[in-house]
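# Working through the structure, step by step
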Amino acid sequence: MIRVRFAPSPTGFLHIGNARTALFNYLFARKNKGIFILRIEDTDTERSKKEYEESIIEDLKWLGLSWDEGPDIGGLFGSYRQTERLHLYREYAEKLLSEGKAYKCWCTKDELEKRITDAKQKVAGYDNYCRNLTESQISRFKEEGRKPVIRFKVPEKDVVVNDIIRGSVIFEAGSLNDFVIMKSNNIPTFHFAVVIDDLTMKITHVIRGEDHLSNTPKHILIFESLGYTAPYFAHMSMTLGKDRTRLSKRHGATSVRQYRENGYLAEAMFNYLALLGWSSKDNQEIFSKDELIEQFSLQGCNKSNAIFDPVKLLWMHSQYMKMKSASEIFTLAIPFLKNVGFSDEKLQQNKEIIEKVIEMEKEKLKTLLDVPERTGYFITENVLWDPEIIKKFKSPNNKKIFSEIEQLLEIVEPFEKTKIEENIRKYCQDRNLKTSDVFHPLRFALTGQTKGAGLFELIELLGKQKSIKRIETFLKEIEK
Ligand code: GLU
């Protein structure tokens, strides 16, 4: 039975790169009918926050991931939060101590720093000083009130990581110093907690970012010292920005939360993230979740780094927007419409008209965030006209045009787009006016926008009453 895990540290919002790690683990588990576990690695007690754990869980769910065991749902191997498993780490550390595979190190920070700088070792770092202390040295340290850390006694041997994606990577004997597994406050270090958790949660495959590859020999050695074989490892290439540096704030939105707030559809994000470092044999680009599960394999993961390209994402996103029906888009856009002040009641009353506008504007809707801008003016009570633009319309001529159009709309029957268009065009002709001198101001008067849906469709959708009322108010504005 395949068991994989996604193990985020709750020290920030879910980063794009981490979301991709979660996604690959999820796809691998689902493809192989295995178990996908969510584990919260919160041993960095200063930086870990409950709010981040909650937001990570929320964003993973939003993306469309589900897990079989986790802090929110429990499972046979819980708890799934490291700070609730401290007894386990202590137990295993004690075992290593009693077998002479780990030892207490009493060195102070100052002593360590001093010795590291004048060390003549193969690799800089700890010089394994406390490996062979005498009883009297130990009692002196205790008397001085020092609190020891526990270090792992690194065996003198090569470690080979047989990585599913990267092939075999050799770490030569002597390239590691004895490293800390338990801090003096009895909290495990990342390396130790990860191994004990992977061991006790019976993880079969560790799928994570390449930034952890250099940690892997440490992990393998701990597994072996406890008498176990390490799981399989698959280290995925990193996610970089277009300038090939690590994806960071400089590159714009880097958290799943930001994309969600910017009105991106979860399915599009899911699809795009899956293609960051994985590709199908025939380079297909648009995949449903089921297709991805069906086709995903670790062998299909690339060794070279993935480039996160927001332009490509937006392109893919627009494909997904086109696939959605107007009514689906309306439902998904409700939170965004509410954000600009429309109540649930108002939205439900105007559902039909909003859906019609969505249908009309669909090609132009890049994200859900565009929905309020492109539909809001249909349902708003008060159009907001930009005072700078309105200035341009303050002429006696315009006043005349608008009052005449108002009268004209009053008598158009039936009030539908071809009839409206016919009448307004005829009016321009009779008055010898350029259509652009009438159409643009009219659009602005009716919507407060300078571009948008087709003018006559728009007037039809607004309806006679609303259109006339808006023109009247606009007339008052330009008369001021
Ligand atoms: N907590 C680690 C991180 O957020 C993940 C460790 C692992 O996957 O082994 O980078």
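Structure first, text after, so check above.
Overview of the structure. Per chain, residues are indexed from 1 in the order of the written sequence. Where local features are concerned, this predicted model is filtered to residues with pLDDT of at least 70; where side-chain atom pairs are given and counted, the filter is 80 or more; whole-chain, interface and lining totals use all residues. Calculation of side-chain values draws on the structure's entire complement of heavy atoms; hydrogens and water are dropped beforehand.

With that out of the way, let us pick up the nonpolar core. Burial of nonpolar side chains together is a common tendency in soluble globular proteins. Counting 105 residues, the largest nonpolar core has Leu-409 and Ile-424 as the members making the most contacts within it. Contacts are assigned to residue pairs with any non-hydrogen atoms lying within 4.5 Å of each other. When neighbours within four sequence positions are excluded, Leu-409 is seen to be in contact with Phe-415, Ile-420, Ile-424, Ile-459, Lys-464, Ser-467, Ile-468 and Ile-471. Listed in part, the 36 residues of the second largest apolar core include Phe-152, Met-201, Ile-220 and Ile-222. What is meant by a nonpolar core is a set of buried Ala, Val, Leu, Ile, Met, Phe, Trp, Tyr and Cys residues, joined one to another through side-chain atoms within 4.5 Å. Only protein chains enter the area calculation, which uses a 1.4 Å probe; residues under 20% of their type maximum are buried, those over 50% are exposed, and those in between are partly exposed.

A few words on the site of the ligand. Every residue lining the ligand is accounted for by Arg-5, Ala-7, Ser-9, Glu-41, Phe-190, Val-194, Arg-208 and His-212. Whenever a nitrogen or oxygen atom comes within 3.5 Å of another N or O atom, the pair is scored as a polar contact, on the condition that within protein one atom can donate a hydrogen and the other can accept it, and that pairs from neighbouring residues in sequence are kept only if both atoms are in side chains. Ser-9 places a side-chain nitrogen or oxygen 3.1 Å from a nitrogen atom of the ligand. Note that an oxygen atom of the ligand is positioned 2.8 Å from one of the side-chain N or O atoms of Arg-208. Reported accessibility uses the Shrake-Rupley method at a 1.4 Å probe radius. Residues are deemed covered only where the shown protein chains occlude them. Burial of the ligand by the surrounding chains reaches 83%, relative to a free accessible area of 300 Å². We call a residue near a given molecule or strand whenever any one of its heavy atoms falls within 4 Å of it.

Let's shift gears to the pairing of strand E2 (residues 35–38). The two faces of a sheet get side chains in turn, since along a regular strand they alternate between them. Helix and strand labels come from DSSP, where a helix needs a run of H or I of at least four residues and a strand needs a run of E of at least two; each type is numbered from the N terminus. The alternating pattern of E2 places Ile-35 and Ile-37 on one face and Phe-36 and Leu-38 on the opposite face, and all of these are buried. We call two strands paired when DSSP finds no fewer than two bridges between them. In terms of strand pairing, strand E1 (residues 3–6) meets E2 through 4 bridges, oriented parallel. Within E2, the position partnered with Phe-6 by the bridge is Leu-38. Note on handedness: a clockwise path from strand one over the helix to strand two, with the strands aimed away from the viewer, defines a right-handed crossover. Assessed by its sense of winding, the connection that carries the chain from E1 through helix H1 (residues 16–31) to E2 is right-handed.

Moving on, we come to empty space enclosed by the protein. Here a cavity denotes grid points, spaced 1 Å and computed from the protein atoms alone, that fit a 1.4 Å probe unable to get out, and a pocket denotes an open set having protein on both sides within 12 Å along at least 5 of 7 lines; residues with an atom within 4 Å of a point are the lining. Grid points are joined across faces, edges and corners, and a volume is the space filled by probe spheres set on the points. The full count for this structure, using the stated rule, is 1 cavity of 30 Å³ or more. Val-154, Pro-155, Lys-157, Val-159, Phe-171, Glu-172, Ala-173, Gly-174, Ser-175, Leu-176 and Leu-221 are the residues that line the largest cavity.

Axis geometry follows a simple rule: fit a line to the C-alpha atoms, using only the stretch in contact for helices, then measure angles between N-to-C directions, giving values from 0 to 180 degrees. Contact pair helix H3 (residues 86–98) / helix H6 (residues 190–200): the axes reach a minimum separation of 10 Å and the direction vectors enclose 100°. Overall, the two elements H3 and H6 adopt an arrangement that is roughly perpendicular. Between H3 and H6, the contacting residues are Leu-88, Tyr-89, Tyr-92, Ala-93 and Leu-96 on the first element and Phe-192, Ala-193, Ile-196, Asp-197, Leu-199 and Thr-200 on the second. Classes in brief: Ala, Val, Leu, Ile, Met, Phe, Trp, Tyr, Cys and Pro nonpolar; Asp, Glu, Lys and Arg charged; the others, Gly included, polar. Class assignment of the residues belonging to the contact of H3 with H6 gives a composition of 9 nonpolar, 1 polar and 1 charged. Note that the term roughly parallel is reserved for angles under 35 degrees, roughly antiparallel for angles over 145, roughly perpendicular for angles of 65 to 115, and oblique for everything else.

Geometric values such as these leave the question of function open.
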